[in-house]
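An overview of the molecular structure
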Amino acid sequence: MPDALAVEDLRKRYGANEALKGVDLTVGEGELVGLLGPNGAGKSTLVKIACGLVQQTSGSAAVAGAPAGSLPANRSLGYLAELFRFPDWLAADELLQLHQKLVESRGGAAERRELLELVGLGEVPDRRVGQMSKGMQQRLGIAQAMLGEPKLLMLDEPTSALDPAGRRTVRELLETLRSRGVAVLLNSHLLSEVELVCDRVVMIARGEVVAAGAPEELSRAGGVEVTTGRGVRHFAQATREELPRIVRELVAEGEDVYEIRVLRSSLEDVYLELVGGR
């Protein structure tokens, strides 16, 4: 099976500005990949090329094995933009029905019911978009992106307008999609959300990939912190394997040990270091 998204040596130049400088990126079947980077890093250009909205200068991009922008590629792709707008006068079910026609989905009413249930809107199919909260509209947008059973979903800031309960609903939805073999490229500035749900993370800065890997692979050990009766002790170079020895030595010194923590840098720490945010 081809990768849901395969980008190789992708380059895009706008006049003198080189927005992408040879980006390589893959999203496998059923894989959740977080795309991270500051504004102007090239993320939007990459997404637009994958959607067929922009033509690359050189390199290649394929969706489910078909060239990006081709009809087979577009039929394998679902997309939700960050600044989307739906007509206020349409009900949720009517909106999905309209988009079914646009993507030529034959799922009918059954598909619409299933998707509304999946995003937590099953009880309000007749509610108009203009009467929905921003969070409800966001979840409706995810439902429309899933019409036609795409092999790849590209979601741009899908949890930005959601409260904690809404973000959990979206995380559970993404995990359901993974179990169904649907791949997701998730563009988000909420690094804690990305760290929770994504299998891999790709960081882009100044048009280049500066880091890629599982969130736990990108983080680094930060030593060991031990809370004792005399305060907190930090062993900056210690590893998890050294914990028994550290505890034995502290107890031998007469210390009461109350808590032990193995420290690691967060995804946010790595991001800020690599993209120059500090």
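Our subject is the structure that appears above.
Note that the structure is a prediction, hence the values are computed from the model and not measured. (Residues numbered from 1 in each chain as written. Predicted model: local features only at pLDDT ≥ 70, side-chain atom pairs only at ≥ 80, totals over all residues. Heavy atoms only, no water.)

1. Details of the overall build of the chain
Along the backbone of the chain there are 10 helices and 13 strands. Along the first, second and third principal axes, the C-alpha set of the chain runs to 75 × 50 × 35 Å. In the chain, once contacts between residues fewer than 6 apart in sequence are set aside, the share between residues at least 24 apart is 66%. If you sum the accessible surface of the chain, you get close to 14300 Å²; carbon and sulfur atoms cover 47% of it. With 33 positive and 40 negative side-chain charges, the chain shows a separation of 4 Å between the mean positions of the two kinds. (Helix = DSSP H or I, 4+ residues; strand = E, 2+ residues; numbered from the N terminus. Contact = heavy atoms within 4.5 Å. Areas by Shrake-Rupley, 256 points an atom, 1.4 Å probe, with all protein chains shown as cover. Lys, Arg positive; Asp, Glu negative; His and termini not counted. Charge placed at Lys NZ, Arg CZ, Asp CG, Glu CD.)

2. What to know about the side chain of Lys43
Here Lys43 is to be found in helix α1 (residues 43–50). Within the buried core, Lys43 has no salt-bridge partner, and the shortest N-O distance to an opposite charge, that of Glu157, equals 6.6 Å. A polar contact of 2.7 Å, which involves the side chain of Lys43, links it to the backbone oxygen of Gly37. Ignoring sequence-local partners within four residues, the contact set of Lys43 consists of Leu35, Leu36, Gly37, Pro38, Asn187 and His189. (Buried < 20%, exposed > 50% of the residue type's maximum accessible area, 1.4 Å probe, protein only. Salt bridge = Lys/Arg side-chain N within 4 Å of Asp/Glu carboxyl O. Polar contact = N/O pair within 3.5 Å; in protein donor to acceptor, adjacent residues only side chain to side chain.)

3. With respect to helix α4 (residues 108–118)
Along α4, the residues that are buried comprise Glu111, Arg112, Leu115 and Leu116. For α4, the buried positions fall inside an angular range of 125° around the axis, keeping them on one side. Away from its buried face, by an angle of more than 90 degrees, α4 presents the exposed residues Arg113 and Glu117. Those residues of α4 that are buried are in contact with α3 (92–103) and α5 (134–145). Residue Gly120 follows α4 closely and has a positive phi angle near 80°. (Arc of directions from axis to C-beta.)

4. Considerations on the environment of Cys198
Residue placement: Cys198 occurs in the loop between α7 (191–197) and β9 (200–205). If near-sequence neighbours (up to four positions away) are discounted, Cys198 is found in contact with Leu32, Val33, Gly34, Leu186 and Pro215.

5. Looking at the packing of aromatic side chains
Enumeration over the complete set of coordinates arrives at 1 aromatic pair. Aromatic pair Phe84 and Phe86: ring centres 5.0 Å apart, planes at 45°, arrangement tilted. Among the residues examined, Phe84 registers a relative accessible area of 10% and is labelled buried. Residue class for Phe86 comes out buried when judged on its relative accessible area of 10%. (Phe/Tyr/Trp six-rings, centres within 6.5 Å; stacked < 30°, edge-to-face > 60°.)

6. Brief notes about a nonpolar patch on the surface
On the surface, Leu98, Leu102 and Val103 cluster together into a nonpolar patch covering about 260 Å² of accessible area. Residue placement: Leu102 occurs in helix α3. (Patch = residues over 30% accessible without salt bridge, like charges linked within 9 Å, V, L, I, M, F, W, Y side chains within 5 Å.)

7. Things to note about the sheet that holds strand β2 (residues 17–27)
Here we have 4 strands laid out as an open sheet, ordered β2-β1-β4-β5, and antiparallel in their pairing. Every interior strand has two partners, whereas the edge strands, β2 and β5 (66–67), have only one. Summarising the sheet, strand β1 (residues 5–14) and strand β4 (residues 58–63) pair through 5 bridges and their orientation is antiparallel. Across the sheet, the residue bridging to Arg11 is Ser58, located in β4. (Pairing = 2+ DSSP bridges.)

8. Focus: the nonpolar core
Formed by 46 residues in total, the largest nonpolar core has its most connected members in Leu140, Leu174 and Met203. Looking at this core element by element, the count peaks at 5 residues for α5. Ignoring sequence-local partners within four residues, the contact set of Met203 consists of Leu36, Glu208, Val209, Val210, Ala211, Leu218, Leu267, Val270, Tyr271 and Leu274. Membership of the second largest hydrophobic core comes to 28 residues, among which are Ala4, Val33, Met154 and Leu185. (Core = buried A, V, L, I, M, F, W, Y, C linked by side-chain atoms within 4.5 Å.)

9. Considering unusual backbone geometry
The backbone of Glu104 shows a phi angle near 60°, a positive value even though the residue is not glycine. Note that Glu104 resides in the loop between α3 and α4. Within the chain, Arg206 stands out as a residue other than glycine whose phi angle is a positive 55°. In this structure, Arg206 sits in the loop between β9 and β10 (208–213).

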